[in-house]
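# Descriptive structure summary
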Amino acid sequence: MKIINLPGFILFLVSACSAPADTSWPEMRSEAAPGVRWWWQGSAVDSAGLTDNMEDLHRAGVGAVEITPVYGINGAEHRHIDYLSARWMNMYKHAVAEGKRLGIAIEMNNGTGWPFGGPTVALADAACKVIFQKYPVKGGTHFEKKIVADDPKQTDIAAVAAVVAFSGNQKIDLTDKVKDNMLAWDAPAGDWTVWAVFNGRTLQKVKRAAPGGEGWVMNHYSKDAVMRYLKRFDDAFASSGAPWPDNFFNDSYEVYGADWSDNLFAEFEKRRGYRLQDYIPELNREGDPDVCARVVCDYRQTLADLLLNEFTIPWTEWAHAHGSGIRNQAHGSPGNLLDFYAAVDIPECESFGRTLFDIPGLRVDSGMRESDGHPSMLKFASSAAHITGKNVVSSETFTWLTEHFRTSLSQMKPEMDQMFASGVNRMFYHGSPYSPKDVAWPGWLFYAAVNMNANNTVYKDWRGLNDYIARTQSFLQYGKPDNDFLVYLPVYDIWQKRDGLYLMFDIHKIKSLMPAFFDMVVDIRSLGFDADYISDKYLQQTETNGGLLKTPGAFYKAIIVPDAEYIPAETLAKLVELAENGATVIFADRFPGDVPGLSDLETRRALLKKSLAELPADQPVSAFSEVKSGKGRILFGTDYAKLFRATSAEAEELPVKYGANIIRRRHADGYLYFIAMLRDNKIDGRVKLATEAHSAVIFNPLDGTSGKADVRSHDGQTELYLQLEPGQSLVVKTFTSQKTDLPDYPFYEKGTPEPIAGDWSFRFTEGMPRIDGVYPMPGAPVSWTEVANDSAKVYTGTGRYSVNFEVKGNADEYLLDLGKLCESARVYVNGQDAGIVWSLPYTIKIGRYLKQGANTLEVEVTNLPANRIRDFDKRGVNWRIFKDINIVSVFYKDIRYDTWRVSPSGLAAPVTITPLTQRSGK
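The following paragraphs examine the structure supplied in this document.

How each quantity is defined
Residues numbered from 1 in each chain as written. Predicted model: local features only at pLDDT ≥ 70, side-chain atom pairs only at ≥ 80, totals over all residues. Heavy atoms only, no water. Helix = DSSP H or I, 4+ residues; strand = E, 2+ residues; numbered from the N terminus. Rg over C-alpha atoms; globule rule 2.2 N^0.38 Å. Buried < 20%, exposed > 50% of the residue type's maximum accessible area, 1.4 Å probe, protein only. Contact = heavy atoms within 4.5 Å. Lys, Arg positive; Asp, Glu negative; His and termini not counted. Charge placed at Lys NZ, Arg CZ, Asp CG, Glu CD. Expected span 1.5 Å × (residues − 1). Arc of directions from axis to C-beta. Pairing = 2+ DSSP bridges. Axes fitted to C-alpha atoms, helices over the stretch in contact; angles between N-to-C directions. Core = buried A, V, L, I, M, F, W, Y, C linked by side-chain atoms within 4.5 Å. Parallel < 35°, antiparallel > 145°, perpendicular 65-115°, else oblique. Nonpolar A, V, L, I, M, F, W, Y, C, P; charged D, E, K, R; others polar. Polar contact = N/O pair within 3.5 Å; in protein donor to acceptor, adjacent residues only side chain to side chain.

## Considerations on the overall build of the protein chain
In terms of regular secondary structure, the protein chain is built from 20 helices and 48 strands. Taking 922 residues into account, the globule formula puts the C-alpha radius of gyration at 29 Å, and the protein chain, at 31 Å, falls close to it. Oriented by its inertia axes, the alpha-carbon framework of the protein chain measures out at about 110 × 80 × 50 Å. Looking at the protein chain as a whole, 61% of its 922 residues qualify as buried. Partitioning the intrachain contacts of the protein chain with sequence separation of at least 6 by distance along the chain shows that 78% fall at a separation of at least 24. Placing the 100 positive and 115 negative side-chain charges of the protein chain at their respective mean positions leaves the two points 2 Å apart.

## Topic: the environment of Asp 246
Counting through the fold element by element, Asp 246 comes out in the loop between α4 (223-240) and β13 (247-250). Residue class for Asp 246 comes out partly exposed when judged on its relative accessible area of 42%. C-alpha separation for the pair Asp 246 and Arg 327, spaced 81 residues apart in sequence, amounts to 9.9 Å.

## A closer look at helix α16 (residues 569-580)
Taking 1.5 Å of rise per residue, 12 residues should cover 16 Å, and α16 covers 17 Å from first to last C-alpha, within 8% of that figure. Among the residues of α16, Ala 569, Thr 571, Leu 572, Lys 574, Leu 575, Val 576, Leu 578 and Ala 579 are the ones counted as buried. Taken from the residues just after α16, Gly 582 is the one with a positive phi, measuring 120 degrees.

## With respect to helix α5 (residues 264-272)
It helps to recall that an α-helix has 3.6 residues per turn; residues three or four apart then point in one direction. Among all positions in α5, only Leu 264, Phe 265, Glu 267, Phe 268 and Arg 272 are buried. End-on, the buried residues of α5 take up no more than an arc of 165 degrees, which puts them together on one face. Across from the buried face of α5, at angles greater than 90 degrees, the exposed residues are Ala 266 and Lys 270. On its buried face, α5 sits against β7 (159-167), β11 (191-201) and α7 (289-321). Where α5 ends, the next residue or the one after it, Gly 273, has phi of about 85 degrees, a positive value.

## Notes on the environment of Pro 481
Inspection of the secondary structure puts Pro 481 in strand β18 (residues 480-481). Note on Pro 481: relative accessible area 8%, which makes it buried. In sequence terms Pro 481 and Arg 665 are 184 residues apart; their C-alpha atoms lie 4.5 Å from each other.

## What to know about the sheet that holds strand β5 (residues 128-138)
One open sheet accounts for four strands, arranged β5-β11-β7-β8; its pairing is antiparallel. Of all strands in the sheet, those bounded by a partner on one side alone are β5 and β8 (170-173). Adjacent strand axes in the sheet meet at a mean angle of 20 degrees, parallel and antiparallel pairs treated alike.

## Things to note about the environment of Ala 236
Tracing the backbone through its elements, the reader meets Ala 236 in helix α4. On the basis of relative accessible area, Ala 236 is assigned to the buried category, the value being 7%. A sequence separation of 554 residues divides Ala 236 from Asp 790, and the C-alpha atoms of the two residues are 55 Å apart. Non-local contacts of Ala 236, meaning those with residues more than four positions away in its chain, are made with Leu 84 and Met 89.

## What to know about the nonpolar core
Membership of the largest hydrophobic core comes to 255 residues, with the highest contact counts inside it found for Phe 380, Trp 462, Phe 644 and Leu 818. A per-element tally of this core places α7 first, with 13 residues. Excluding residues that lie within four positions of it along the chain, Phe 380 makes contacts with Leu 337, Leu 338, Tyr 341, Leu 489, Ile 510, Met 514, Phe 517, Phe 518 and Tyr 533. Of all hydrophobic cores here, the second largest spans 21 residues; its members include Leu 654, Tyr 673, Ile 683 and Leu 722.

## Overview of unusual backbone geometry
Residues Trp 114 and Pro 115 are joined by a peptide bond in cis, for which omega reads -15 degrees. Following the sequence through the fold, Pro 115 ends up in the loop between β3 (105-109) and β4 (117-118). In this structure, Val 450 follows Ala 449 across a cis peptide bond, with omega equal to 20 degrees. In the Ramachandran plot, Leu 203 falls in the positive-phi region, its phi being about 65 degrees despite a non-glycine side chain. Relative to the elements of secondary structure, Leu 203 occurs in the loop between β11 and β12 (216-217).

## Notes on the pairing of strand β35 (residues 729-735)
Of all seven residues that make up β35, seven are buried, and the element is covered over most of its length. The alternating pattern of β35 places Ser 729, Val 731, Lys 733 and Phe 735 and Leu 730, Val 732 and Thr 734 on opposite faces, both of which are buried. As judged from the five bridges shared by strand β29 (residues 670-676) and β35, these two strands associate in the antiparallel manner. For Leu 672, the partnering residue across the bridge sits in β35 and is Lys 733. In this structure, strand β31 (residues 695-700) lies alongside β35, joined through five bridges in antiparallel fashion. The partner of Ser 695 across the bridge, within β35, is Phe 735.

## Thoughts on the packing of α5 against α7
With their axes 10 Å apart at the nearest point, α5 and α7 run at an angle of 105 degrees to one another. As the angle between them shows, α5 and α7 are arranged roughly perpendicular. Together, Leu 264, Glu 267, Phe 268, Arg 271 and Arg 272 of α5 and Asp 298, Tyr 299, Gln 301, Thr 302, Leu 303, Asp 305, Leu 306 and Asn 309 of α7 make up the contact between the two elements. Here the residues of the contact of α5 with α7 are counted per class, giving five nonpolar, three polar and five charged.

## Here we look at the side chain of Asn 453
Position of Asn 453 among the secondary structure elements: in the loop between β17 (426-433) and α11 (462-476). Side-chain polar atoms of Asn 453 contact the backbone oxygen of Pro 433, separated by 3.0 Å. In this view, Asn 453 contacts Ser 432, Pro 433, Ser 435, Trp 444 and Tyr 459; residues no more than four positions away in its chain are not counted.

In structure tokens form, the structure reads like this:
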């Protein structure tokens, strides 16, 4: 027995509890800064242009570039460079050297455009599609026919994979009788149908390919084809001596119609234990509906196995062998997205479209599509990272948030905050086109908005958003995830119950594939809890530890099985085992009743029945029921609130009472909270936390300020004082035992707003076209499009508003409210830089720059390029110079901007100043 020196031990505890906490901002590593997808159009780059572009990005606070070459520029063909050629590799090497100089990480797509493919992919290695043809044959007759694909595009390329005759329960494999595509067969008695299966080709070519990247899309279900494709990169890097990138990237899985592979029959039999050739009619939904569904389920599972084991894992291993990592967007794949995301180094989600946030003053452009980046969708990538212990979750961000030329920084922040609260901690803009300095405005553009480079006016104040992202991500890359529950993903219900054959988990359609699952996730979060998803594969790697569930990467308080009819026997057995070993297992709505698939069906059903015998006999139709199971518990029923609250998890008040979006992470002595108010609500008072805290620090990632939080314990719960306006966000770091030695985080009580109503004046500064002169604006500022100058309606850039005003009284602080800001501003008080205003609410504290009596306010406002591009289209300026898709709308239709109304620019409402009185919050 170990003897403890009790006085010394107590002294140690006291000193540990009284030791000052780490209250500083995390180290701002380059990994915390945002990245960009760097479109190289036509790979028409040169050394000077690369340096210019990268220095622009560096000045804006960008920390990583992902090189993705795409289609070229009309009229600039002389600049185009073939992908992976010696010249291209030299340009890549220059980018790497400049990245090292500037502190910008270099990543690259493993191809051009998307999906993977190109000139080295022979037709034999191209993406495959299955073709079924059937021929009726009368018994007792001689059947002789040339067996070729009827589709003229496939006739010469589709190989015979199988020919099988069926009559009732009889089946005869005729594949070996096909010689030189001719089948001669004497049919026995009965009515027969001869089914021919061809391994055709999708004939899909690389979409948006760059010069030197054109060609067939590869077969992702064949490791041999994958490795032959990757050899092109081995050769290019070996011959050039170029350093390998930090990460390789793969865009969302968009290999359309790729429902087959040359090796599918053999792999199916190896993995499922029976011959798919014997069930060709059932694969085509002909026969007993249950058998058909089971065969299709097994087929879909086999495709998923092939994509994971023939592409994702070998590709990742290939990158690791070269010292690189893998960033992958798994959505769109025909399989369990969690397993694909989990197999790579950095899972990546995406947002496409805009979310209708209920934030006062947030501009919502008409004609846009609703975002696919719902939190329940975003969490596939973050869940895979959390359950496997990967610390980084990236995002393709702001894809078509609005149309080109209309996207403001203020519109970006809420979308980014939603992604942060869903587990993203390393964002990539979509995107930043390389554009030479000698090209006239608007420069080179990618067809999908948004455009983040120096040709966009938002570049002037972009640093404000990027610093906000870096500060937030520095916290979200710190510590460990701390979600309450695991939610089992019932993928077999989808595989077995959905019509058709080839099933992709498309980002635009995935919610419709599993509505009950997504409803469950929404309910979990609305009740104040949070969850990660888990697949059958990773459930088998989950253990119990002190009543908690432990995956390879995180701990959870319970696992929830949503409404599911089909579940593998080994999965249910694992759930029962976890409960017996001390875990809490929740079955919502009902217990699964059957196994999926056809392979060894009765044996698997017997195993499932054995596990079901461990569960209550009654289906969970009641609101709430509970039974003991070994050391743990099984909860079941239809009242989710009761089920979740019966676990050891404590609900967070912030999402329930205030509708805030939050995410919680653990650190060595407490927790981290990211809190965003993305609705028309505010917090001004004490909020309860679900975790224990002795002290806390509030960090404002918008301006980099921080201070000690007002924390107390009340009725056994931690409470801290918060103020949060719609559109704002904060990070709270709590400490379980340590104290914080910081000044208090300042909270204020607002006085009466007063308009700054002096004699305002305005002049145009940096922008196009040049406009001289000073424009008086007596009483209040107005949009500069209203000044008496026709050029003002097309002006793109920055203008300066100025006013002299009096300060009377002596408030603790003053809040400047820019009202309707179009679109971002730099504020100067008495000649001193007070900061950037770019996000809602358009306010900034300016007290330290003010003096009693006379003061000067200058506001440099930058607008969007919308008015200038509207004018270009009205005058017929030919700026659409891009090959392939050129410029289209979010719905991929031709679009012109001459029908847009003139957008307000500058300050379009009165500016006010509000005295603030500091209060402790107690």
